[in-house]
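What follows is the residue order along each chain.
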Amino acid sequence: MFASAARFLIPLRAISPVQGRFQHIQPSAESAVTGSRIPNFYRMSVRDRVQAVHERGLLTDSDVDRLTAGELTLGLNAADKMIENVIGVLGMPIGLALNFLINSREYVVPFAVEEPSIVAAVSAAAKLARASGGFTTTSTPPVLIGQIQVLDCPDLQRARAAVLEAKQEILDLANSFHPRMVARGGGAVDLEVNSFQMTSSEGEMFVVNLLVDTRDAMGANLVNGMCEGVATLIESLTEGKVFLRILSNLADRALATAEVTLPVEQLAGKGYAGERVRDGVIIAAEFAYADPYRAATHNKGIMNGIDAVALATGNDWRAIEAGAHAYAARHGRYTSMSQWWQDDEGNLRGRLELPMKVGIVGGPLESNPGVAMNLKMVGAETATELAEVMVAVGLAQNFAALRALATEGIQTGHMTLHARSVVKAAGTPPGLFDEVLEELLRSGEIKVWKAKEILEQLERQSPTGRQRRISSEVETGVGYGKVILLGEHAVVYGRHALAMPIPLAMRAVVEDGDSGVQLMIPRWGIEYQLAKPPEQRRSFERAAGAILDQLGLADRRIRIEVFPDVPRGMGLGGSAALAVAIVRALDLHFKLGLSDEAINELAFQSEQIAHGEPSGIDNTMATYGKPLLFCKGTPPLVEPVSPGKPLELVIGMTHKEGLTAKTVAHVRAARERNPRLYDKIFDDIDGLVRQAVPAVHEGNIEQLGELMNVCQGLLNALQVSTPELERLIGIARRAGAVGAKLTGGGGGGAMVALCQDNQQEVLGAMERNGFTALPITLGGGA
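Residues numbered from 1 in each chain as written. Predicted model: local features only at pLDDT ≥ 70, side-chain atom pairs only at ≥ 80, totals over all residues. Heavy atoms only, no water.

J.: Help me out: how do you make sense of the overall build of the chain in this one?
T.: Looking only at helices and strands, one finds 29 helices and 23 strands in the chain. The burial tally for the chain puts 54% of its 782 residues in the buried class. The long-range fraction of contacts in the chain, counting pairs at least 24 apart against all pairs at least 6 apart in sequence, stands at 74%. As displayed, the chain has an accessible area near 33,500 Å², and 51% of this comes from carbon and sulfur atoms. (Helix = DSSP H or I, 4+ residues; strand = E, 2+ residues; numbered from the N terminus. Buried < 20%, exposed > 50% of the residue type's maximum accessible area, 1.4 Å probe, protein only. Contact = heavy atoms within 4.5 Å. Areas by Shrake-Rupley, 256 points an atom, 1.4 Å probe, with all protein chains shown as cover.)

Encoded structure:
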């Protein structure tokens, strides 16, 4: 065993080998120790900890001598007899988890673990829990399951009946191999039968589960021996052939359960109200219940504590891990091992139930002197008592992790996830889901009844009415989306581009908050904390944080909520529209009096952080929201464009988001390798834009469409198109579009098709092929 082979480091010398259960030790006159409480233990040196434990009677003089002499450290010769091919012994720190009060009794628990903060966190959690009575634990008998697999049974029903009829004979035979276990109150106590369809061949396998109470032993060898011993009898009863005879590590008959109740007043701290911490723990736990990806990390935190105790006490942590994770998936879906909820009195309640088949006797445990001392220090008189201590440790470790999330990380995503689950529970239809979610988050009342109330209100209103209501309730900053008809990429290098606004926008509102600057985009499941140093910001935190820094608002307590109508990553100017919406919302909330020019400049700075070297067209379109001819410069050329005839467009969206920064960097690298070639392409695109402007003014749809088609060929030469974009473009052209090309950065994202009295046909063709499409009509009195 790894635990047995660990070379214990000095911290082991701080443990106590008290015989029996550790409880109600009488301190000396100068001592402040009460049970498992040793004040300032973590501040002491290792030598002082040993001395403190010795002075309090937890270590005898003989114990200290053995520790000092290294007699409790696993020797190389002993290790060589434990496993094969030994070349050395690995050291593992041993730390003491303090403060545990379990079933009104005190425990000091040894941890063998190399990860920092685990022992400190679980000790702090145990200290908090003891103030309200500590942990309550229960357990079932220590039953381990052995399995006998039988193949080629001629009659499964007859085999089942025969085994069940001979159950007592089978149990008696199994127990005859281990009479001492029976004398201690254990032994084979029951059996079960199952059958399973085989996939490698026709027919079914027959399985006998032998249930064995192993008392205080881990019992693996004992159970395997019993399965071997009854195999011949099983064969004669079933007329089949026994194949595997082996124990199961899913010991779900040996369950240990721990519960804890934490009043909200005990949860308050670090500037957080107790109710907020309670709700944050519950929200974080619901995340793990809902999502197996989160559950894996959630459950790993639980096992951090349990595994550390298993290692320290010489138990098989691998078997415990396997059984715990299998138990977490027992209902057909992997989920959280623990449950957290609010009771009727408003307290936080926690519960953890796990298979916990451990031992406190046996050769493997007793062969390591350090393990023997750890077991004496825990003071568990039975294996089930140790199992209960371990599951209490797991629940404490889980609470420590969730509390850290609730007080330090609850605003980084969990609130939105909880709100989503509430909106779903309210029976919200997909078409109204995002609107209900946004309104629910704004209300601050994340409850199912509130979600239903919002849903009922929205269902009584038209989409236009809902939009007006949001805008009228609070001052809203708006940034406009856009579509580039011609000029992508070339515009970065000082050429012209022709862009049109689309009837999609980003909307943002700013409200006073509790602490820091919180940015929320519920539809995207995004929550950021922006009140942090620039070097610690990530993703869009950097761009949004730069806006706050420029405006001197990074230290304010505000909440910024964004309502995104512009699809993300589709090349429709979403990031620039987001920046403009945020700047305008901040301007409205703080009455800064910013001009459009100032807003545009701030958005451009945000775009520089997001995309590297943008042209400036996206932020300009997001600010002004009008058809424009644009050319990069200081200052840039910005000329209004007036379509002489309505432009019927269909925007088709691929299934892959385009990363503008990536495609711009790719084109830049290619230009650096061959500047003359790429500058010629940029000049050709510029020429197309110059021809397109009068075509737009005159309403020459056919010429504009032809220019768009040629431009797509040049963009293909820049290698920014994709097979999916090409497919969409082909669908549009075959459906009658006079022009079609990608729009924006490419590499995914969207394309735009120009139609002539056939917009619905082009739209339908895209949708029939599984693409999302948006029809828009611009200019010319449309």
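Next comes the rest of the account.
J.: Which parts of the structure should I look at to understand the nonpolar core?
T.: What tends to happen in soluble globular proteins is that the nonpolar side chains get buried as a cluster. Leu486, Leu586, Leu704 and Met766 are the most contacted members of the largest nonpolar core, which has 104 residues in total. Filtering out sequence-adjacent residues up to four positions away, leucine 486 remains in contact with Ala497, Leu498, Leu688, Val689, Ala692, Leu704, Leu707, Met708, Cys711 and Lys741. Judged by nonpolar contacts, the second largest core, of 70 residues, contains Tyr327, Leu354, Val378 and Met390. (Core = buried A, V, L, I, M, F, W, Y, C linked by side-chain atoms within 4.5 Å.)

J.: Looking at this structure, I do not really get the pattern of salt bridges. What am I missing?
T.: Taken as a whole and judged by the stated rule, the model has 25 salt bridges. With a closest N to O distance of 3.4 Å, arginine 507 and aspartate 565 form a salt bridge. Remark: aspartate 565 occurs in the loop between β17 (558–564) and α22 (574–590) and arginine 507 occurs in strand β14 (residues 496–512); sequence separation between them is 58 residues. Given the relative accessible area of 4%, arginine 507 is considered buried. Judged by its relative accessible area of 25%, aspartate 565 falls in the partly exposed class. Two residues, lysine 680 and aspartate 684, come together in a salt bridge whose shortest N-O distance is 2.9 Å. (Salt bridge = Lys/Arg side-chain N within 4 Å of Asp/Glu carboxyl O.)

J.: Just to check I follow, could you spell out the sheet that holds strand β7 (residues 187–197) for this structure?
T.: Adjacent strands of a sheet pair through backbone hydrogen bonds, lying either parallel or antiparallel. Pairing in this open sheet of four strands is antiparallel, and the strands run β7-β8-β6-β9 from one edge to the other. Of all strands in the sheet, those with a lone pairing partner are β7 and β9 (241–248), marking the two edges. Neighbouring strand axes in the sheet, compared pairwise and without regard to direction, differ in orientation by 20° on average. Sheet topology places strand β6 (residues 143–151) next to strand β8 (residues 204–213); eight bridges connect them, and they run antiparallel. Note on β8: the bridge partner recorded for glutamine 149 is valine 207. In the packing of helix α9 (residues 220–238) onto the sheet, contacts are made with β6, β7, β8 and β9, and the angle to β9 comes to roughly 155°. (Pairing = 2+ DSSP bridges. Axes fitted to C-alpha atoms, helices over the stretch in contact; angles between N-to-C directions.)

J.: Which parts of the structure should I look at to understand the confidence of the model for the chain?
T.: Regions with low pLDDT should not have their predicted coordinates read in detail. Confidence in the prediction of the chain, expressed as mean pLDDT, is 86, and 90% of residues score 70 or more. Across the chain, element-level confidence peaks in strand β10 (residues 255–262) with a mean pLDDT of 98 and bottoms out in strand β1 (residues 7–8) with 30. Here residues 410–414 is modelled with pLDDT under 50, and outside its nearest four sequence neighbours on either side it reaches 18 contacts, counting other chains as well. Confidence over residues 468–472 falls short of pLDDT 50; this stretch has seven contacts with residues more than four positions distant or in other chains. (pLDDT = per-residue confidence, 0-100.)

J.: Can you walk me through helix α25 (residues 660–673) in this structure?
T.: One full turn of an α-helix is made of 3.6 residues, so residues set three or four places apart face in the same direction. An ideal rise of 1.5 Å per residue puts 20 Å on 14 residues; α25 measures up with 20 Å between its terminal C-alpha atoms. Taken as a whole, α25 has its buried residues at Thr663, Val664, Val667, Arg668 and Ala670. Buried residues of α25, seen end-on, are gathered within an arc of 165° and therefore sit on one face of the element. Facing away from the buried side of α25, by more than 90 degrees, are the exposed residues Lys662, Glu672 and Arg673. If you follow the buried residues of α25, they end up packed against α26 (675–698). (Expected span 1.5 Å × (residues − 1). Arc of directions from axis to C-beta.)

J.: I tried to follow the pairing of strand β19 (residues 637–640) on my own but got confused; where do I start?
T.: Two faces, one strand: in a regular strand the side chains alternate between the faces of the sheet. Of the strand pairs in this sheet, strand β18 (residues 628–631) and β19 are connected by four bridges, and their pairing is antiparallel. Note on β19: the bridge partner recorded for leucine 629 is glutamate 639. Counting the residues that bridge the hairpin from β18 to β19 gives five residues.

J.: Would you mind going over the sheet that holds strand β20 (residues 647–653) with me for this structure?
T.: The antiparallel open sheet is built from four strands, whose spatial order is β21-β22-β20-β23. For this open sheet the edge positions go to β21 (739–743) and β23 (772–778), each flanked by a neighbour on one side alone. Looking at each pair of strands side by side, their axes are set apart by 25° on average, direction ignored. Where β20 and β23 come together, seven bridges link them in antiparallel fashion.

J.: Can you help me understand the side chain of threonine 722 in this one?
T.: Within the fold, threonine 722 resides in the loop between α27 (701–717) and α28 (723–734). When sequence neighbours within four positions are dropped, the list of residues in contact with threonine 722 reads Gly747 and Gly748.

J.: Looking at this structure, how should I read the pairing of strand β12 (residues 348–355)?
T.: With six of eight residues buried, β12 is to be regarded as a mostly interior element. Of the pairings in the sheet, the one linking β10 to β12 comprises eight bridges and is antiparallel in character. Following the sheet pairing, leucine 255 is matched in β12 by proline 355. Pairing geometry for strand β11 (residues 338–342) and β12, over five bridges, is antiparallel.

J.: When you look at the packing of helix α21 (residues 540–551) against α22 in this model, what are you seeing that I'm missing?
T.: Think of two packed helices as two axes; the pair is described by the angle between the axes and how far apart they sit. Following both chains from N to C, one finds α21 and α22 inclined at 30°, their axes separated by 11 Å at the closest point. At the point where α21 passes α22, the crossing takes the right-handed sense. Residues Phe540, Ile547, Leu548 and Leu551 of α21 form the contact with α22, whose participating residues are Leu578, Ala579, Ile582, Val583 and Leu586. Residue composition of the contact of α21 with α22, grouped by class: nine nonpolar, no polar and no charged. (Left-handed = near helix turned anticlockwise from the far one by under 90°. Nonpolar A, V, L, I, M, F, W, Y, C, P; charged D, E, K, R; others polar.)

J.: Is there a simple way to think about the packing of aromatic side chains in this case?
T.: In this description, a pair of aromatic rings is defined by centroid distance and the angle of the planes. For the coordinates displayed, the defined rule picks out three aromatic pairs. With a centroid separation of 4.7 Å and 10° between ring planes, the pair formed by tyrosine 493 and phenylalanine 682 is classed as stacked. Here phenylalanine 682 lies in helix α26 and tyrosine 493 lies in the loop between β13 (477–486) and β14, a separation of 189 residues in the sequence. There is no split in this pair, since tyrosine 493 and phenylalanine 682 are both buried. In this structure, arginine 330 is placed above the aromatic ring of tyrosine 327, and the distance from its NZ or CZ to the ring centre is 3.8 Å. If you follow arginine 333 out to its NZ or CZ, it ends over the ring of tyrosine 289, 5.3 Å from the centre. (Phe/Tyr/Trp six-rings, centres within 6.5 Å; stacked < 30°, edge-to-face > 60°. Lys NZ or Arg CZ within 6 Å of the ring centre and 35° of its normal.)

J.: Help me understand a nonpolar patch on the surface in this model?
T.: On the surface, Phe243, Leu244 and Ile246 cluster together into a nonpolar patch covering about 290 Å² of accessible area. In this fold, isoleucine 246 is placed in strand β9. The exposure class assigned to isoleucine 246 is partly exposed, which follows from its relative accessible area of 45%. (Patch = residues over 30% accessible without salt bridge, like charges linked within 9 Å, V, L, I, M, F, W, Y side chains within 5 Å.)

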